[in-house]
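Architecture and fold: a report
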Amino acid sequence: PTSAQLSVVPHSGRFRYTLDNDVLTTEQRQFYEDNGYLLIKKLVSDEDIERFRKEFMRICKREVKPPGVMIMKDESLKSQFGQSEKVVNKVQDFQEDEELFRYCTLPEILKYVECFTGPNIMAMHTMLINKLPDSDKQTFLHPMHQDLHYFPFRPASLIVCAWTAMERAHQENGCLVVQPGTHKTTLKPHGYPKWEGKTNKLFHGLLDEDEKIPKVHLVMEKGDTVFFHPLLIHGSGINRTSGFRKSISCHFASSDCHYIDVKNTTQEHLEKELEEIVRKKYNTTSVELKDIWNFRARLVQGERINL
């Protein structure tokens with residue numbers, strides 16, 4: 001839809017989390033309002049997914065080195081496999097890799113993103129996740145969390161994640177797990193879970209998880225894409241298969257969003273951890289959270305306003 005098709009009043013009385021345009025059906029809008037996520041089948045083509053897979057392999061083999069990209073590896077496997085798909089569990093901040101960044105500009109993705117953000121769309125946080133086969137150590141279990149914990153910008157309702165399965169995702173290989181309706185709650189305190197020795201850097205989770213809230217496992221086929229709210233509580237299980245479970249995702253936000261100061265909030269310890277990582281990586285003395293996000297953010301549609 002064009003921005004002209006969006007109504008002047010972005011949220012009608014009935015809908016709080018979706019904008020008025022003619023893309024989503026009333027049923028789809030209501031489902032997102034109630035549950036905080038919406039699954040669209042076969043949205044991304046096999047051809048595009050194979051191109052993303054190919055580029056991921058090139059990054060693993062260091063045939064390409066996109067600036068700013070953060071490659072997360074299981075260090076314990078490095079001696080065994082060297083630089084390969086068997087070691088790399090995440091490629092984060094790929095905004096400068098033109099091939100992977102195509103994901104964030106796909107018209108079929110942006111068509112839906114605009115239903116949540118409006119016409120001025122920023123790609124804020126990009127990831128290609130390669131969930132490695134796991135063991136009882138649960139190295140790649142991502143504890144239940146809310147993505148807003150990582151973001152120093154608001155309002156939350158103008159942020160949405162697009163997450164696309166690059167192969168079939170199911171319970172055995174660690175598909176996404178969501179707690180429907182939790183997007184209506186507030187941001188909760190996060191930190192490293194009790195099994196601290198077994199978690200990856202920045203894999204924060206809820207400090208106090210309500211086990212009574214029902215969980216839904218999102219079984220997805222290759223190309224299926226789920227859009228979800230940044231307050232939706234979600235996570236993923238471990239991969240009990242011998243293969244890899246890949247997905248590609250981007251958090252989009254309206255460029256009308258604004259940065260907030262996270263000092264004296266539950267997000268402050270994350271700010272310190274992130275700044276420390278960036279200082280080490282780029283050998284710099286002073287860096288601010290806002291600078292990190294300005295570097296990550298790229299405009300994909302409309303005009304850049306605040307972010």
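Cut-offs used in this document
- Residues numbered from 1 in each chain as written.
- Predicted model: local features only at pLDDT ≥ 70, side-chain atom pairs only at ≥ 80, totals over all residues.
- Heavy atoms only, no water.
- Phe/Tyr/Trp six-rings, centres within 6.5 Å; stacked < 30°, edge-to-face > 60°.
- Helix = DSSP H or I, 4+ residues; strand = E, 2+ residues; numbered from the N terminus.
- Buried < 20%, exposed > 50% of the residue type's maximum accessible area, 1.4 Å probe, protein only.
- Lys NZ or Arg CZ within 6 Å of the ring centre and 35° of its normal.
- Pairing = 2+ DSSP bridges.
- Polar contact = N/O pair within 3.5 Å; in protein donor to acceptor, adjacent residues only side chain to side chain.
- Contact = heavy atoms within 4.5 Å.

This paragraph deals with the packing of aromatic side chains. A complete count under the given rule lists nine aromatic pairs for this structure. Arranged with centres 6.2 Å apart and planes meeting at 25 degrees, the rings of Phe116 and Phe227 form a pair that is stacked. Taken together, the residues span a long stretch of sequence, with Phe116 in helix α5 (residues 107–117) and Phe227 in strand β12 (residues 225–228) at a distance of 111 residues. Taken as a pair, Phe116 and Phe227 share a single burial class, namely buried. An aromatic cluster is defined as three or more aromatic residues linked by ring pairs; in this entry it consists of Tyr32, Tyr112, Phe116 and Phe227. Between the NZ or CZ atom of Arg296 and the centre of the ring of Trp293, over which it lies, the distance is 4.5 Å. Here the guanidinium or amino end of Arg298 rests over the ring plane of Phe101, the centre of that ring lying 4.1 Å away.

Next up on the list: the sheet that holds strand β8 (residues 176–178). The four strands are arranged β5-β13-β8-β11 in an open sheet whose pairing can be described as antiparallel. Whereas interior strands pair on both sides, the edge strands pair on one side only; in this sheet they are β5 (142–145) and β11 (216–217). Where β8 lies against β11, two bridges are found, and the strand directions are antiparallel. Within β11, the residue paired with Val177 across the bridge is His217.

Moving on to the side chain of Ser247. Take Ser247: it is sitting in strand β14 (residues 245–254). Polar contacts involving the side chain of Ser247 include one to the side chain of Arg245, which spans 3.4 Å. Discounting chain neighbours no more than four positions away, the residues touching Ser247 are Met127, Leu128, Ile129, Trp163, Thr164, Ala165 and Met166.

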